[in-house]
Amino acid sequence: MTTKILIIGACGQIGTELTKKLRSIYGADNVIASDIRKLNIDVVNDGIFEVVNALDFNQIEHLVEQYNITDVYLMAALLSATAEKNPAFAWDLNMNSLFHVLNLAKAGKIKKIFWPSSIAVFGPTTPRYNTPQYTIMEPSTVYGISKQSGERWCEYYHTIYGVDIRSIRYPGLISWSTEPGGGTTDYAVDIYHKALEKGTFECFLSEETALPMMYMDDAIRATVEIMQAPTERIKIRSSYNLGGVSFTPKEVAQSIQKHIPDFTITYKPDFRQKIADSWPASIDDSCANQDWNWKHEFDLDSMTLEMLENLKR
Ligand code: AKB
């Protein structure tokens, strides 16, 4: 059976890169990109694109039937910082879009789902360093609460209805080609832009705030690898911890200074500091490594080099 993919939220930070990758693997005719608006010219022009509201079950069902979709990647979500400003909408979008897709799979209309979770499922009572796969989870943000609830529903739909759902807990993602979308880890993208444009950056987190991060290429590879893994290898149906690098704003600034010695950074923590303080500083991803051979490639300096070289171009 041909793999026919629907990406919901294809114009977002991850969706844009994922669409490009999936089109290159499965062919442009087999990947239907969709979003609430035509927000990214490449996503819209380089293949099939449909305008879809992730909250509209009928629209999604119609597309699934029209294109004989087998796999859905549900990338639409409100991230941590934006969600705190609009909790009711964040809950609605993050939960109900998931239910729509889970219910389509339960009804046998799609075969496989990818749904992104986040390090935001952890909270202030979670062990902060090398955070294990199974541990205390008391998220204190709207986004984290929605992702943790989502994980429970994913596991439930797998156990009770046999839905083939696969998920990873993304750390902060860093990419040169797409803008971040309202998260607490966004500074780690903006800092590279400002280093090149202005030679200085004001950070909304304090200098010693360590957070788990990952270069986008690694994150996209993880997404493709978990979806391509044989079903029996996917032992966790809530969501897998995914480790990349872990660094503080001060450390990323030092990494940039190796290429731009005059670069300066100042710190002015805002409401996002509290969110960052409730999250892990580093992640233990040994379950993903054991089950489907996950291994990240980029460290801080190799990521910095890629970011600066590509942004300069
Ligand atoms: C955010 O900062 O909200 C996201 C995330 C860690 O899920 N990047």
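Residues numbered from 1 in each chain as written. Predicted model: local features only at pLDDT ≥ 70, side-chain atom pairs only at ≥ 80, totals over all residues. Heavy atoms only, no water.

Side note on the nonpolar core
Line of reasoning, step 1. Core analysis: the biggest nonpolar cluster contains 65 residues, and Tyr-187, Tyr-192 and Phe-247 have the highest contact counts within it.
Line of reasoning, step 2. Residue assignment places this core across two domains, with domain 1 (5–117 + 134–171 + 214–237) and domain 2 (172–212 + 243–312) each supplying three or more.
Line of reasoning, step 3. In this structure, Tyr-170, Ala-219, Ile-220 and Trp-292 belong to the second largest nonpolar core, which totals 34 residues. (Core = buried A, V, L, I, M, F, W, Y, C linked by side-chain atoms within 4.5 Å. Buried < 20%, exposed > 50% of the residue type's maximum accessible area, 1.4 Å probe, protein only. Domains from an automatic or database assignment.)

Topic: helix α3 (residues 57–66)
Line of reasoning, step 1. Here α3 has its buried residues at Ile-60, Glu-61, Leu-63 and Val-64. One face of α3 carries all of its buried residues, which in axial projection span an arc of 160 degrees.
Line of reasoning, step 2. Where α3 is buried, its residues contact β1 (5–8), β3 (48–51) and α5 (87–106).
Line of reasoning, step 3. Directly after α3, the chain includes Asn-68, whose backbone phi takes a positive value near 50 degrees. (Helix = DSSP H or I, 4+ residues; strand = E, 2+ residues; numbered from the N terminus. Arc of directions from axis to C-beta. Contact = heavy atoms within 4.5 Å.)

Considerations on the side chain of Thr-70
Line of reasoning, step 1. With respect to the helices, strands and loops of the structure, Thr-70 is situated in the loop between α3 and β4 (71–74).
Line of reasoning, step 2. There is a polar contact of 3.0 Å between the side chain of Thr-70 and the side chain of Asp-71.
Line of reasoning, step 3. Those residues in contact with Thr-70 that sit more than four places away from it in its chain are Met-1, Thr-2, Thr-3, Lys-4, Ile-110, Lys-111 and Lys-112. (Polar contact = N/O pair within 3.5 Å; in protein donor to acceptor, adjacent residues only side chain to side chain.)

Structural notes on unusual backbone geometry
Line of reasoning, step 1. We note that Asn-68 has phi near 50 degrees; this positive angle belongs to a residue other than glycine.
Line of reasoning, step 2. Of note, Asn-68 is situated in the loop between α3 and β4.
Line of reasoning, step 3. Accessibility expressed as a relative area gives 58% for Asn-68, which makes it exposed.
Line of reasoning, step 4. Here Asn-293, not a glycine, exhibits a phi torsion of approximately 65 degrees, which is positive.
Line of reasoning, step 5. A relative accessible area of 54% means that Asn-293 is categorised as exposed.

Let's talk about the pairing of strand β2 (residues 31–35)
Side-chain positions along a regular strand alternate between the two faces of the sheet.
Line of reasoning, step 1. Among the five residues in β2, five count as buried, and that is most of the element.
Line of reasoning, step 2. Taking every second residue as pointing to the same face, both faces of β2 are buried, with Val-31, Ala-33 and Asp-35 on one and Ile-32 and Ser-34 on the other.
Line of reasoning, step 3. Two strands pair when backbone bridges link them, and β1 and β2 are joined in this way by four bridges, in the parallel orientation. Paired with Ile-5 across the bridge in β2 is Val-31.
Line of reasoning, step 4. Handedness of the β-α-β unit built from β1, helix α1 (residues 13–26) and β2 comes out right-handed. (Pairing = 2+ DSSP bridges. Right-handed = clockwise from strand over helix to strand, strands pointing away.)

Details of the sheet that holds strand β12 (residues 240–241)
Line of reasoning, step 1. Reading across from one edge, β6-β8-β12 is the order of the three strands in this open sheet, with parallel pairing throughout. On the outer flanks of this sheet lie β6 (117–118) and β12, each paired with one strand and no other.
Line of reasoning, step 2. Sheet topology note: the strand β8 (residues 168–170)/β12 ladder contains two bridges and is parallel. Paired with Arg-169 across the two strands is Asn-241, which belongs to β12.

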